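If you want the building blocks of each chain, they are given just below.
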Amino acid sequence: EVRLVESGGGLVQAGGSLRLSCAASGFAFDEYAIGWFRQAPGKEREGVSCIGSSDGSTDYGKSVKGRFTISSDNARNTVSLQMNSLKPEDTAVYFCAKKIWAECGTGFFYYEYDYWGQGTQVTVSA
């Protein structure tokens, strides 16, 4: 059974940092890219970041580039998202998801991800 479990969300003041983790199981972790998405109330799901399994290449959404860093620990089947310089507009539920292939490519398309975690809430106060 494929499982993705996010952790690390919480409440933080603007300018602060959080580190999210995504623990994956039930599939060959080193054969698929992992992405992070977020969804705020009343808004569409937004691609945040992706890390490829074949070459470790990364991709970031425009709104988080330069502030967020994605990394992968293949030994622990875990992907982390370090979020710095957080802004109130970063407030959302953050999801990790397994992509259907190894590379991130360009752009974030939810239909390219076949398994999703339950999400973790990130709230950034002004």
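It should be noted that the structure appears before, not after, this text.
The following paragraphs examine the structure supplied in this document. (Residues numbered from 1 in each chain as written. Predicted model: local features only at pLDDT ≥ 70, side-chain atom pairs only at ≥ 80, totals over all residues. Heavy atoms only, no water.)

## Notes on the sheet that holds strand 1 (residues 3-7)
And then number 1: With respect to topology, four strands assemble into an open sheet ordered 1-3-8-7, the strand pairing being antiparallel. The open sheet has two edge strands, strand 1 and strand 7 (68-73), and neither has a second partner. Adjacent strand axes in the sheet meet at a mean angle of 15° when their direction is disregarded.
And then number 2: Here strand 1 pairs with strand 3 (residues 18-25) via five bridges, running antiparallel. When the sheet's bridge partners are listed, Leu4 is paired in strand 3 with Ala24. (Pairing = 2+ DSSP bridges. Helix = DSSP H or I, 4+ residues; strand = E, 2+ residues; numbered from the N terminus. Axes fitted to C-alpha atoms, helices over the stretch in contact; angles between N-to-C directions.)

## Some details on the nonpolar core
And then number 1: With 26 residues, the main nonpolar core has Ile34, Trp36, Phe68, Val79, Leu81, Met83 and Tyr94 as its most contacted residues.
And then number 2: For this core, the element with the highest residue contribution is strand 3, accounting for four residues.
And then number 3: The contacts of Phe68, once residues within four sequence positions are left out, are Arg38, Val48, Tyr60, Leu81, Gln82, Met83, Asn84, Leu86, Asp90 and Tyr94.
And then number 4: Membership of the second largest hydrophobic core comes to seven residues, among which are Phe37, Cys50, Ala97 and Cys104. (Core = buried A, V, L, I, M, F, W, Y, C linked by side-chain atoms within 4.5 Å. Buried < 20%, exposed > 50% of the residue type's maximum accessible area, 1.4 Å probe, protein only. Contact = heavy atoms within 4.5 Å.)

## Examining the pairing of strand 5 (residues 46-51)
And then number 1: Of all six residues in strand 5, five are buried, a share of seventy percent or more.
And then number 2: When strand 4 (residues 34-39) meets strand 5, the two strands line up antiparallel, connected through five bridges. Looking across to strand 5, one finds that Phe37 is bridged to Gly47.
And then number 3: Linking two consecutive strands that pair antiparallel, namely strand 4 and strand 5, is a turn of six residues; a positive phi of about 75° is found at Gly42 within it.
And then number 4: Summarising the sheet, strand 5 and strand 6 (residues 58-60) pair through three bridges and their orientation is antiparallel. Note that in strand 6 the partner of Ser49 across the bridge is Tyr60.

Read these as layout, nothing more, since geometry by itself doesn't imply function.
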